[in-house]
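# What the coordinates show
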Amino acid sequence: MKSFFKNLAASILGNLIACGAACVVMFFFFFIFLAVIGSSGQAKVHVPKQSFLVLDLNMSIADAPEHSGGSLGQLIGGGGTPRIALWDLMRALDAGANDKRISGLFITGSLVSENYGSGFAALEEVRRAIEDFKQSGKPVIAYLENPSLKDYYLSTTADTIYLHPYSALEIKGMATQSFYLAGAFKKYGIGVQTTKVGKYKSAVEPFISEKMSDYDREQRQMMVGGIWNQVASDIAKGRKLNPKSIQEIADTKGILDAATALDLRLVDHKAYLDEVITVLKNKGTEDRVSKSFAQVNIRDYANSLARPNSYSGTNVAIVYAEGDIVDGWDNVNSVGGDWLAAELRRIRQDENVAAVVLRVNSPGGSAFASENIQREVRLTNDSGKPVIISMGSLAASGGYWISAYSNKIYAEKTTITGSIGVFGLMFNFQDLAKNVGIAFDGVKTARYADIEDISRPKNAEELALMQKLTDQIYDAFLDKVAEGRSIERATVAKIAEGRVWVGSAAKEIQLVDEFGGLREAVAEAARQAGMGSHYSVVQYPERKTAMEALTESLTRPEGESPVAKIQGNSPAAKVTRQVGDIWTLLQRMNDKRGIYARIPYQEDIE
C-alpha cells in the first residue's frame, strides 16, 4: 500500500511539472474527489413520513456485502450491476417493519443473476423476511412488467400483485442445459484428457463430450425437479392456490397474457404504473417534489442503518465464501484458499468474536485450496468458537469440502449441494500446433519431468499417475465427510460418486442438519457460544470505505472474462454468458496438483 501511494505521488509530481497550470487545476479537482469519497461513511438518507420502502429488483442479491471488491468504473458511477448483500437486505426489512416512517413495502423491477447472486435459496430467505415484515400490518404491494420466474416467485409474498396489462407472465417450469465443446476442440486440434472419480462427476463432460451423459441427466432431472417442486409449492401458498394447479398451468399454458393470469388468480389486478403510483400515494403520501409517492430505496435505507457496536466476546462473525474456490489470495468473485484461511485465522484469534457463521455459496474448485480452508474451520471449532455453516444457492463439491467439519449445517430446500467427487483436466495443443506448422522438442532428466507439458498428450504411465492422485483425493474427501458428519464411510460412498443433491433431499441423507438461512445459522451460533440473544453481527470481509475500494480497484488487475459480465435475456446474451462462464472457469483452474472438487455449472436454471 505504501509503495502504491509513493509511486502515485511520484507520477503525479512528474506529470504536474511536465503539464503546467492546466494539470494543476485537473489534479486539484481529482484530489477533491478523493477527499469526498475518502470521507464517505455511513450514508445519510432522508426517509419521509408515510413513505414506502422500495425493493427495486433491478439488482443482484449477493451473499457478500458490497464494496468487498469492484471496478473503478463502479465506484465513480461508470457502470456495474447494483447489488445488495442478503444480510443487509433482511436487516433493512426488519428495520422497516418497526420504522414508523415506513408505511409499506413496494416490490418492482427484475432481478439480475450476476455471478452467484439472486439464487433461489437466497430468494427463499428473502421471502421469509418479507413474510415477517407483513406481521407489522404494513401492506406489501408488487408491480410487475414481464417478470422472470424469480421475480414472480419473490413477488408472490405480496398482499397485492399488479401486472401491466400488456405484460406476459411465464409459468413454464424450469430447465437447465450445458455447453459442450468436444466437437470444437476436435476440429481445431485441442486435446483433452481427464481423470475422475464418481460416475455422476460430470464437470469434465463439457470438455470431452458432445451431449449429456445418462448419469448427469439423471441427477440434473432430480435437481431441477426438486427446486421446481419447492418453488411451485411456495408460489401456490402465496397465491392461495393448489400446488397441482401451478404444474397444470406450466404444462398447458406456459406463457400467459395479463387477462389469463388474472383469471387464474396468479395476479390481483391489471394496471399501468401510473395507476399503481396512485394506489401507493393513497396508502402512503405524495412526495411534493416528484409528485410520485413518498419512498426510499431499500439499498439506500440499508446503507443508512447504524452498524452494530463491537464488544469483547459478543460478536457473531459472518464469513463469506462466495464464488469459485481457487488457490491463492483472490477474493473478487472467487474464494482464494489462502485469503479465506487467513481471514478465518484472524477471526479465530480475535477476542471480540465468540462464534462464526461461514456462508458458503460456491460450486467448489481447487481441492488444495478447499483443504486449506477446511483446516482453519477445524482449528476455529477446536479453539472453542463454534462454526455454523449457512449454505446459499450452491454449496457443492469443494463448497461441501469446506463445510464438513462444522458444528451444524443449515441449507434451504432449493440449495444445490453434495457432489462429493473429484476430477483432473489436462489440455494439450499438439494437433493444433501441428496444423499451423509448429513443432516442439526438448530434453529431460527423469521420466516425469515434463508431465505438465501441454505440447503433447499424457502417455499411459502419466495418466495412471494422475488417476492415482485423483483417487487419493477422493478417498480423503470420503474420509473427511464421514468423520466430520459422523456418518459411516460406506454410507458416504453410496451418496457420493460426485452426485449433486438438492437441499430437500440432502437433509434426508444427513448432508445437512436443518432447513434455514443466515438468520437461523446466526441464532444457532450465538446459542452454541452461550450468548443467547445478546450479541452483534459483524460481516467479513469487512465493508470497505469508498477510498479503500478505490485503492483496491487501482491496484488490482481485472481477472475476469468481459463476456461473463454480459446481462440480459436475449439468446445472444445467454450463449455469450455460457461461453464466458467456461472461460472464467478455465482461468480459475489453478490447483497446484490440477485436481478439482467442483460442479460443472452455476445455478443455470430457468
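These figures come from a predicted structure and were not determined experimentally.

Reading across from one edge, β10-β6-β5-β4-β1-β11 is the order of the 6 strands in this open sheet, with parallel pairing throughout. At either margin of the open sheet sits one strand with a lone partner, and together these are β10 (269-270) and β11 (295-297). In this structure, strand β4 (residues 102-108) lies alongside strand β5 (residues 140-144), joined through 4 bridges in parallel fashion. Residue Ile 107 lies in a different strand from β5, and its bridge partner there is Ala 142. Relative to the sheet, helix α12 (residues 273-283) contacts β1 (51-56), β4, β5 and β6 (160-163), its axis offset from that of β5 by approximately 170 degrees.

Take the packing of helix α9 (residues 214-239) against helix α10 (residues 243-252) next. Remark: α9 packs on α10, axes separated minimally by 8 Å, with the N-to-C direction vectors making an angle of 115 degrees. Compared by their axis directions, α9 and α10 come out roughly perpendicular. The chirality of how α9 crosses α10 is right-handed. Note on element contacts: α10 touches α9 through Pro 243, Ile 246, Gln 247 and Ala 250, opposite Trp 228, Ala 232, Ile 235 and Ala 236. Taken together, the residues of the contact of α9 with α10 sort by class into 7 nonpolar, 1 polar and no charged.

What follows is about the packing of helix α5 (residues 120-134) against helix α21 (residues 518-528). In the contact formed by α5 and α21, the axes pass within 9 Å of each other and the chain directions differ by 85 degrees. Taken together, the axes of α5 and α21 lie roughly perpendicular to each other. Contacts between α5 and α21 involve Glu 125, Arg 128, Ala 129 and Asp 132 from the former and Leu 518, Arg 519 and Glu 520 from the latter. Looking at side-chain class alone, the contact of α5 with α21 contains 2 nonpolar, no polar and 5 charged residues.

Across its 15 residues, α5 extends 21 Å between first and last C-alpha, which sits within 8% of the 21 Å expected from 1.5 Å per residue. Of all 15 residues in α5, 11 are buried, a share of seventy percent or more. Among the residues of α5, those classed as buried are Phe 120, Ala 121, Ala 122, Leu 123, Glu 124, Glu 125, Val 126, Arg 127, Ala 129, Ile 130 and Phe 133.

What follows covers unusual backbone geometry. If you check the backbone angles, Lys 240 has positive phi at about 55 degrees while not being a glycine. Here Lys 240 is to be found in the loop between α9 and α10. When its relative accessible area of 68% is taken as the criterion, Lys 240 is described as exposed. For Lys 291, which is not glycine, the phi torsion reads 65 degrees and is therefore positive. Tracing the backbone shows Lys 291 in the loop between α12 and β11.

Moving on: the pairing of β1. Here is the key point about a regular strand: its side chains alternate between the two faces of the sheet. In terms of residue burial, β1 counts as a mostly covered element, since 5 of its 6 residues are buried. Two elements, β1 and β4, share 6 bridges in a ladder whose sense is parallel. Its bridge partner lying in β4, Asp 56 is registered against Thr 108. Sheet topology note: the β1/β11 ladder contains 3 bridges and is parallel. Bridge pairing in β11 places Val 54 opposite Asn 297.

For the rest of this paragraph, the subject is the confidence of the model for the protein chain. This prediction gives the protein chain a mean pLDDT of 86; 81% of its residues lie at or above 70. Segment residues 36-41 is flagged for pLDDT under 50; beyond a separation of four residues in sequence, or across chains, it makes 6 contacts in the model. Ignoring residues within four places in sequence, the model shows residues 68-78, a span with pLDDT below 50, making 25 contacts including any to other chains.

Time to look at the packing of aromatic side chains. Taken as a whole and assessed by the stated rule, the structure comprises 8 aromatic pairs. Between Phe 106 and Phe 293, the aromatic rings sit 5.7 Å apart at their centres with planes inclined by 85 degrees, giving edge-to-face as the arrangement. Of the two residues, Phe 106 is situated in strand β4 and Phe 293 in the loop between α12 and β11; the sequence distance between them amounts to 187 residues. Comparing Phe 106 with Phe 293 shows no difference in burial state: the two are buried. On the numbers, 5.9 Å between centres and 65 degrees between planes, the contact of Phe 120 with Tyr 153 is edge-to-face. Of this pair, Phe 120 sits in helix α5 while Tyr 153 is found in helix α6 (residues 149-155), placing the two residues 33 residues apart along the sequence. Residue classification places Phe 120 among the buried positions, given a relative accessible area of 2%. When its relative accessible area of 0% is taken as the criterion, Tyr 153 is described as buried.

With that settled, consider the nonpolar core. Ranked by internal contacts, the top residues of the largest apolar core, which has 83 residues, are Leu 55 and Leu 266. The greatest single-element share of this core, amounting to 8 residues, is contributed by α9. Among residues more than four places away in sequence, those in contact with Leu 55 are Leu 89, Leu 105, Phe 106, Ile 107, Thr 108, Ile 130, Leu 154 and Ile 298. Core analysis: the second largest hydrophobic core is formed by 50 residues, Val 353, Val 377, Ile 509 and Ala 597 among them.

What counts, and at which threshold
Per chain, the residues get numbers from 1 upward, laid out in the order the sequence is written. Per-residue local features are limited, in this predicted model, to residues with pLDDT of at least 70; the limit for side-chain atom pairs, both in listing and counting, is 80 or more; totals at the level of whole chains, interfaces and linings are taken over all residues. Side-chain metrics in this entry use all non-hydrogen atoms of the structure; hydrogen atoms and water are not considered. Note on pairing: DSSP must find at least two bridges between two strands before they are called paired. Numbering of helices and strands runs from the N terminus, with a helix taken as a DSSP run of H or I at least four residues long and a strand as a DSSP run of E at least two residues long. Whether two residues are in contact is decided by their heavy atoms: any pair within 4.5 Å suffices. What counts as an axis is a line fitted to C-alpha atoms, over the stretch in contact for a helix, and the angles between N-to-C directions run from 0 to 180 degrees. These descriptions rest on fixed angle ranges, namely under 35 degrees for roughly parallel, over 145 for roughly antiparallel, 65 to 115 for roughly perpendicular, and the rest for oblique. Each crossing is labelled by how the near helix is turned from the far one, with a counterclockwise turn of less than a right angle marking it left-handed and a clockwise turn marking it right-handed. The residue classification treats Ala, Val, Leu, Ile, Met, Phe, Trp, Tyr, Cys and Pro as nonpolar and Asp, Glu, Lys and Arg as charged. All others, Gly included, are polar. To estimate the expected span of a helix, count its residues, drop one, and scale the result by 1.5 Å. Exposure categories follow from relative accessible area, calculated using a 1.4 Å probe and restricted to protein chains: below 20% of the type maximum is buried, above 50% is exposed, and the middle band is partly exposed. The predictor reports its confidence for every residue as pLDDT, a score running from 0 up to 100. Here a Phe, Tyr or Trp ring, Trp counted by its six-membered ring, pairs with any other such ring whose centre lies within 6.5 Å, and the pair is stacked when the planes are under 30 degrees apart, edge-to-face when over 60, and tilted otherwise. Remark: nonpolar core denotes a set of buried residues (Ala, Val, Leu, Ile, Met, Phe, Trp, Tyr, Cys) joined through side-chain atoms within 4.5 Å.

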